[in-house]
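Here is how the chains run, residue by residue.
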Amino acid sequence: DAKTTQPPSMDCAEGRAANLPCNHSTISGNEYVYWYRQIHSQGPQYIIHGLKNNETNEMASLIITEDRKSSTLILPHATLRDTAVYYCIVKGAQKLVFGQGTRLTINP
Amino acid sequence: NAGVTQTPKFQVLKTGQSMTLQCAQDMNHEYMSWYRQDPGMGLRLIHYSVGAGITDQGEVPNGYNVSRSTTEDFPLRLLSAAPSQTSVYFCASSYSQGSKRAGELFFGEGSRLTVL
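Please read all numbers here as calculations on a predicted model, not as lab measurements. Here the residue numbering is sequential within each chain, running from 1 through the sequence in written order. Working convention: letters from A go to chains and numbers from 1 go to ligands, in the order in which they are written. Residues qualify for local features only when their pLDDT is at least 70, as the model is predicted, and side-chain atom pairs are given and counted only at 80 or more; totals for whole chains, interfaces and linings, by contrast, use all residues. Note: side-chain values were computed over all heavy atoms of the structure, leaving out hydrogens and water.

(A) Highlighting the overall build of chain B. Where helices and strands are cited, they refer to DSSP runs of H or I of at least four residues and of E of at least two residues respectively, numbered from the N terminus. Within chain B one finds 0 helices and 11 strands. Helices and strands in chain B line up, N terminus first, as β-β-β-β-β-β-β-β-β-β-β. Both definitions apply: the radius of gyration is a C-alpha atom measure, and the globule rule equals 2.2 Å times residues to the power 0.38. In terms of overall dimensions, chain B is globule-like: its C-alpha atoms have a radius of gyration of 13 Å, near the 13 Å expected for 116 residues. Each principal axis of the C-alpha distribution contributes one length, and for chain B these read about 40 × 30 × 25 Å. Relative accessible area decides the class of each residue, using a 1.4 Å probe on protein chains only: under 20% of the type maximum gives buried, over 50% gives exposed, and in between gives partly exposed. Taking all 116 residues of chain B together, 47% fall into the buried category. If you average the places of the 9 positive and of the 9 negative side-chain charges in chain B, the two averages end up 6 Å apart. Think of it this way: Lys and Arg go in the positive column, Asp and Glu in the negative one, and His and the chain ends go nowhere. A charged residue contributes its charge at one atom only: NZ of Lys, CZ of Arg, CG of Asp or CD of Glu.

(B) Looking closely at the sheet that holds strand 7 (residues 64–66) of chain B. All names here are of chain B. Here we have 4 strands laid out as an open sheet, ordered 1-3-8-7, and antiparallel in their pairing. Each of the sheet's edge strands pairs with one partner strand only, and the pair in question is strand 1 (4–7) and strand 7. Averaged over all adjacent pairs, the angle separating strand axes in this sheet is 20°, with direction ignored. Only when DSSP finds a minimum of two bridges between them are two strands counted as paired. Summarising the sheet, strand 3 (residues 19–25) and strand 8 (residues 76–78) pair through 3 bridges and their orientation is antiparallel. If you follow Thr20 over to strand 8, its bridge partner there is Arg77. Axes here refer to lines fitted to C-alpha atoms; in helices the fit is confined to the stretch in contact. Angles between the N-to-C directions go from 0 to 180 degrees.

(C) Quick look at the packing of aromatic side chains. Any two of the Phe, Tyr and Trp rings considered here, Trp counted by its six-membered ring, make a pair once their centres fall within 6.5 Å; the pair's planes then place it as stacked at under 30 degrees, edge-to-face at over 60, or tilted in between. The tally for this structure, following the rule as stated, stands at 13 aromatic pairs over all chains. Geometrically, the ring pair formed by Tyr87 of chain A and Phe98 of chain A is edge-to-face, given 5.2 Å between the ring centres and 80° between the ring planes. Of this pair, Tyr87 of chain A sits in strand 8 (residues 84–90) while Phe98 of chain A sits in the loop between strand 8 and strand 9 (102–107); the two residues are 11 residues apart in sequence, bridging distant segments of the chain. Each of the two residues, Tyr87 of chain A as well as Phe98 of chain A, counts as buried. Aromatic pair Tyr35 of chain B and Phe107 of chain B: ring centres 5.8 Å apart, planes at 40°, arrangement tilted. Taken together, the positions of Tyr35 of chain B in strand 4 (residues 31–37) and Phe107 of chain B in strand 10 (residues 106–107) put the pair 72 residues apart, joining distant regions of the chain. Residue Phe107 of chain B is classed as buried on the basis of its relative accessible area, which comes to 14%.

(D) How the structure looks around the sheet that holds strand 2 (residues 18–23) of chain A. Residues and elements named next belong to chain A. Taken together, 4 strands build an open sheet; the order of strands is 2-7-6-5 and the sheet is antiparallel. Each end of this open sheet is capped by a strand with a single partner; those strands are strand 2 and strand 5 (55–56). Pairing geometry for strand 6 (residues 61–64) and strand 7 (residues 70–75), over 4 bridges, is antiparallel. Residue Ser61 lies in a different strand from strand 7, and its bridge partner there is Ile74.

(E) Inspection of the environment of Arg81 of chain A at higher detail. Residue and element names in this part refer to chain A. Positionally, Arg81 belongs in the loop between strand 7 and strand 8. Residue classification places Arg81 among the exposed residues on the basis of a relative accessible area of 70%. Residues Arg81 and Ala18, spaced 63 residues apart in sequence, show a C-alpha to C-alpha distance of 13 Å. When near neighbours in sequence (up to four residues on either side) are disregarded, Arg81 contacts Arg37 and Ile39. Any two residues having at least one pair of non-hydrogen atoms within 4.5 Å are treated as being in contact.

(F) Up close: the pairing of strand 11 (residues 111–115) of chain B. All names here are of chain B. By the alternation rule, side chains of strand 11 split into Ser111, Leu113 and Val115, which are all buried, and Arg112 and Thr114, of which none is buried. Where strand 2 (residues 10–13) and strand 11 come together, 4 bridges link them in parallel fashion. Across the sheet, the residue bridging to Gln11 is Leu113, located in strand 11. Strand direction decides the pairing type here: strand 9 (residues 87–94) and strand 11, joined by 3 bridges, are antiparallel. From the neighbouring strand, Tyr89 faces strand 11, where its bridge partner is Ser111.

Here is the structure:
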């Protein structure tokens, strides 16, 4: 399974766009990039995933570079409720392995 | 739909005791998995199952057993609890591995286990 690298922490002002980067330079051609978040001590919540095209849903947008070696999760208008740990995962054949994630703090 | 249900939510054990963490899902998901999360850490995969009768090891399987006799249930057994197994345990389920949504995990609320 490809490894991912994320900054340990980030801050963002409420109402601004939060851009969370992820490096996955060893990703294989058929591996998807998944994003999850974990608010406080709750179970993680699925956000979005993609293969090579950019994706958007009601929660966020996912931008994947053309060489697929990195991606960015965008929360367009961050709110205080978006404060959480965000995990970027490259999915192997049968399992999702979580890394340490990025602790995103939204400041009022 | 209840989603993924874990029981118990809290448990205190003494070293050497055994117990089973229960996990049930009502979404007809083929894939189920168990993770543990230690304080300030990410989630680590213990065991997973791609369907009834099939289980496999994750990153940290030692000290844990699983079975998958039905699609709905995926219990996690601690045979002889150790203080190092003090953690929060999360069960998750998902669609079949051939699905485009195979990586969309649905998590339970967690089971907090303390081993003294």
